[in-house]
Amino acid sequence: MSASTAQPTPTDVRKVALASLVGTTIEWYDFFLYALAAVIVFRSQFFPGTSELAGTLATLGTFAVGFIARPLGGVIFGHIGDRIGRKMTLVTTLVTMGVATFLIGLLPTYEQIGAAAPILLVVLRIAQGLAVGGEWGGAVLISVEHAPEARRGFYGAFPQLGVPLGLITSNLAILILAGVMPSEQFLAWGWRIAFLISALLVLVGLYVRLRVTESPEFAAARENPPLQLPIVTVVRNHWPQVLCGTAIFSGITAMGYMAATFAIQYGSTTLGIVNTFLILAVIVGAIVEVPLSLWFSAKSDEIGRHRMIVYGSVVAGVAAIFFLPVMSTAVPALVFIAMFFARVSGSPMYGPAAAVAAGAFPVEVRYTGASIGYQFGAIAGGALAPIIATLILASPAGVWGVSAYLAAMVAVTGIGAYVAGRLAARQPV
C-alpha cells in the first residue's frame, strides 16, 4: 500500500477530527454571528422606518437568503471536493466565509448609502451561504473518512460540534460587546467588532487546515478517473438518499434555530426579556450540547446510528411541543428551562447524523450527495422555521400552532432516519 493510501494512525484520526472542529467552529461563528445581528441590530441599521412585523420579516428574510444559497454551495464545492479533494476545498470555503463576514463588519448603513446597504448585505449573506454550503460536507467527510468504520459515528460528531461551539463564541462576542459599551454605541458601531475579528480567526483556521492530510478514501479513489458531473450521478442514482438526508436535517435544524435565533427574537420583542439573558440561555444550552453530542454519537456506534436518530426524534418531539408554551409564560426561570431543553434535546439526533449522511453515498459522489441533503434540510428547518413560526404566532393558532409545526418537523427527522436505515440495510454502499 502506498503512502498516499496508508491507513491513518489513531493520532492522525484525532488530529484531523480536531482540525475539522476548529475550522467548522470558525465557519459557524461567522454564520451565527449574522443570525444574532439580524435579530438584534440589522432592523435599525438596514431596515429603518418599517413596522415591527415587517422589520422582523425583512431581517429574517436576509437571514434565510444564506440558507437558500447553501444547496448551491453544496453543489459547487461538492463538485470540487469530489473531483479535486476535500482538503483544498475546505480551505476555499473558510476563506470565502471569512472575507464575507469581514466585509459585513465594514458595510455602510441604510442612512449612509440608502437601499444599496440592504442589497449589499444580502449579497454578502449569499456568499456566507455558499461557503457554509460547501464547508459542512468537506469537514464531515475528511473526519469520517479518516476514522475506522466502527468509530465513525463518534468522529463524525467532531465537525458537528462546530455548530454549538460557533453558537457559543458568537453569542459570547455579542454578549461581551453589548456589556462593555452603552447600547447606543453597540447599535451604532460596536457590533461590527465581532464581524471584523473573523479575519484573525480565519488565519488560525487556515494554519490548522493546511496541516492535515487528504482523506485516505478519496486518495484511493483518485486512482480512477473522477466523474465529470457528480451531481448528475447523485440525482440519477442516489435521490432516495438525498431525500432522506433532507428529511433528517430538516427537523434537526428547525429545532436548533428555533431554540437560538427565533427564541432570542421572540423573547426580546414579544416577551420583553433582555437580550443578554436570552443569549446566556443559548450559551448554556450549547455548552451542555457539546459533551452530550459526543456521548450519543459514541453510543450510536454501538446501537446503530439510524436507530439513535429515531430515538432522539422522540425526545426532541416532546421538547418541541412544550418549548414555546413554556417560554411564552415570560417567567425568566421557565424561559431559561424551555430554551435549554429545546437546545440539548437535539443532541441524540445531531451527532450521529454526520456519519449517516456520509455513509449513504459512494466516495466518488459523497461530498456532493451528503452536502445537498444536508443543505436542503437546512432550508426547510433553519431558514423557513423562524419565518413560519413568526407567521403562525401572528395567526389564531398562536404558540400551540408553533408547537404542532415544530413537533411535525422533528417527526420528519425520525421518519427520514428510519427510511435511510432501511435503504442502507438493503443496498449498502
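Heads up: the structure comes first, above all this text.
Scoring rules and cut-offs
Residues numbered from 1 in each chain as written. Predicted model: local features only at pLDDT ≥ 70, side-chain atom pairs only at ≥ 80, totals over all residues. Heavy atoms only, no water. Helix = DSSP H or I, 4+ residues; strand = E, 2+ residues; numbered from the N terminus. Rg over C-alpha atoms; globule rule 2.2 N^0.38 Å. Contact = heavy atoms within 4.5 Å. Areas by Shrake-Rupley, 256 points an atom, 1.4 Å probe, with all protein chains shown as cover. Lys, Arg positive; Asp, Glu negative; His and termini not counted. Charge placed at Lys NZ, Arg CZ, Asp CG, Glu CD. Salt bridge = Lys/Arg side-chain N within 4 Å of Asp/Glu carboxyl O. Buried < 20%, exposed > 50% of the residue type's maximum accessible area, 1.4 Å probe, protein only. 1 Å grid on protein atoms, 1.4 Å probe; cavity = no way out; pocket = protein on both sides within 12 Å on 5 of 7 lines; lining within 4 Å. Points joined across faces, edges and corners; volume = space filled by probe spheres on them. Patch = residues over 30% accessible without salt bridge, like charges linked within 9 Å, V, L, I, M, F, W, Y side chains within 5 Å. Bend = angle between axes of the 7 residues up to and from the residue. Phe/Tyr/Trp six-rings, centres within 6.5 Å; stacked < 30°, edge-to-face > 60°. Lys NZ or Arg CZ within 6 Å of the ring centre and 35° of its normal. Nonpolar A, V, L, I, M, F, W, Y, C, P; charged D, E, K, R; others polar. Axes fitted to C-alpha atoms, helices over the stretch in contact; angles between N-to-C directions. Parallel < 35°, antiparallel > 145°, perpendicular 65-115°, else oblique. Left-handed = near helix turned anticlockwise from the far one by under 90°.

Trainee: Help me understand the overall build of the chain, please; the structure alone is not making it clear to me.
Mentor: The helix and strand tally for the chain stands at 19 helices and zero strands. What you see for the chain is a C-alpha radius of gyration of 20 Å, in line with the 22 Å of a compact globule of 429 residues. Referenced to the eigenvectors of the C-alpha coordinate spread, the extents of the chain come out at roughly 65 × 40 × 35 Å. Partitioning the intrachain contacts of the chain with sequence separation of at least 6 by distance along the chain shows that 86% fall at a separation of at least 24. Looking at the chain as shown, the accessible area adds up to about 16200 Å², and 72% of this sits on carbon and sulfur atoms. Computed over 22 positive and 17 negative side-chain charges, the inter-centroid distance for the chain is 4 Å.

Trainee: Is there a simple way to explain the pattern of salt bridges in this structure?
Mentor: Side chains that carry opposite charge are capable of pairing whenever their charged atoms lie near each other. In total, this model carries nine salt bridges according to the counting rule given. The partner of Asp-82 in a salt bridge is Arg-86, with the nearest N and O atoms 3.2 Å apart. A single burial state applies to Asp-82 and to Arg-86, both of which are buried. The closest approach of N and O atoms between Arg-366 and Glu-145, which form a salt bridge, is 3.1 Å. Placement of the pair is Arg-366 in helix H18 (residues 366-393) and Glu-145 in the loop between helix H6 (116-144) and helix H7 (152-160), with a sequence separation of 221 residues. Looking at Arg-366, the relative accessible area reads 9%, which means it is buried.

Trainee: How should I be thinking about the layout of surface pockets in this particular structure?
Mentor: Over the atoms rolls a probe the size of a water molecule, and in doing so it shows where empty space is left. The space that makes up the largest pocket amounts to roughly 520 Å³. Around the largest pocket sit 32 residues that line it, and His-306, Val-356, Gly-359, Ala-360 and Ala-424 are the ones nearest its centre. Those elements giving two or more residues to the lining of the largest pocket turn out to be helix H13 (239-269), helix H14 (275-303), helix H15 (305-327), helix H17 (347-359), H18 and helix H19 (398-426).

Trainee: Would you mind going over a nonpolar patch on the surface with me for this structure?
Mentor: On the surface, Val-95, Val-99, Leu-103 and Leu-106 cluster together to form a nonpolar patch covering roughly 310 Å² of accessible area. Counting through the fold element by element, Leu-106 comes out in helix H4 (residues 86-106).

Trainee: I would appreciate a short explanation of the environment of Leu-21 in the present structure.
Mentor: Mapping Leu-21 onto the fold places it in helix H1 (residues 10-40). Sequence separation between Leu-21 and Gly-166 is 145 residues, and the spatial gap between their C-alpha atoms is 9.9 Å. What Leu-21 contacts, discounting residues up to four positions off in sequence, is Phe-158, Leu-161, Gly-162 and Leu-165.

Trainee: Would you mind showing me how to read H17 here?
Mentor: An α-helical segment advances 3.6 residues per turn. Residues three or four places apart therefore align on the same side. The largest bend in H17 comes to about 40°, at Ala-353. Of all the 13 residues making up H17, twelve are buried; the element is thus mostly covered by neighbouring parts of the structure. Among the residues of H17, those classed as buried are Ser-347, Pro-348, Met-349, Tyr-350, Gly-351, Pro-352, Ala-353, Ala-354, Ala-355, Val-356, Ala-357 and Ala-358.

Trainee: Is there a simple way to think about the packing of aromatic side chains in this case?
Mentor: Given two aromatic rings, their pairing is described by the distance between the two centres and the angle made by the two planes. Counted according to the given criterion, the structure contains 14 aromatic pairs. Between the aromatic rings of Trp-136 and Phe-249, the centroid separation amounts to 5.3 Å while the plane-to-plane angle is 75°, which identifies the pairing as edge-to-face. With Trp-136 in helix H6 and Phe-249 in helix H13, this residue pair connects regions lying 113 residues apart in the sequence. The pair formed by Trp-136 and Phe-249 is uniform in burial state, with each residue classed as buried. Members of the aromatic cluster, connected to one another through ring pairs, are Trp-28, Phe-31, Phe-32 and Tyr-257. Stacked on the ring of Phe-31, the Lys or Arg Arg-125 has its end atom at 3.9 Å from the ring centre.

Trainee: Explain empty space enclosed by the protein here, please?
Mentor: In the structure shown here, the tally under the stated rule is three cavities of 30 Å³ or more. Roughly 180 Å³ of volume is contained in the largest cavity. Around the largest cavity, the lining is made up of 14 residues, and of these Val-163, Ile-252, Thr-253, Gly-256 and Arg-343 lie nearest the centre. Sorting the residues of the lining of the largest cavity by element identifies H1, H13 and helix H16 (332-344) as the ones contributing at least two each. For the lining of the largest cavity, the leading source of residues is H13, giving five residues. Its residues assigned to classes, the lining of the largest cavity shows nine nonpolar, three polar and two charged. When its volume is computed, the second largest cavity comes out at roughly 60 Å³. What lines the second largest cavity is simply Phe-32, Ala-35, Leu-36, Val-39, Leu-167, Ser-170, Asn-171, Ala-260, Thr-261 and Ile-264. Top element by residues in the lining of the second largest cavity is H1. It accounts for four residues. The class makeup of the residues in the lining of the second largest cavity is seven nonpolar, three polar and no charged.

Trainee: What exactly am I supposed to notice about the packing of H13 against H19 here?
Mentor: A pair of packed helices is characterised by two quantities: the angle between their axes and the separation of those axes. H19 packs onto H13 with a crossing angle of 150° between their chain directions and a minimal axis gap of 7 Å. In terms of orientation, H13 lies roughly antiparallel with respect to H19. Judged by the twist between their axes, the crossing of H13 over H19 is left-handed. Residue-level inspection shows Pro-240, Gln-241, Cys-244, Ala-247, Ile-248, Ser-250, Gly-251, Ile-252, Ala-254, Met-255, Met-258 and Tyr-266 of H13 in contact with H19, the latter providing Val-399, Val-402, Leu-406, Met-409, Val-410, Val-412, Thr-413, Gly-416, Ala-417, Val-419, Ala-420 and Leu-423. Residue composition of the contact of H13 with H19, by class: 19 nonpolar, five polar and no charged.

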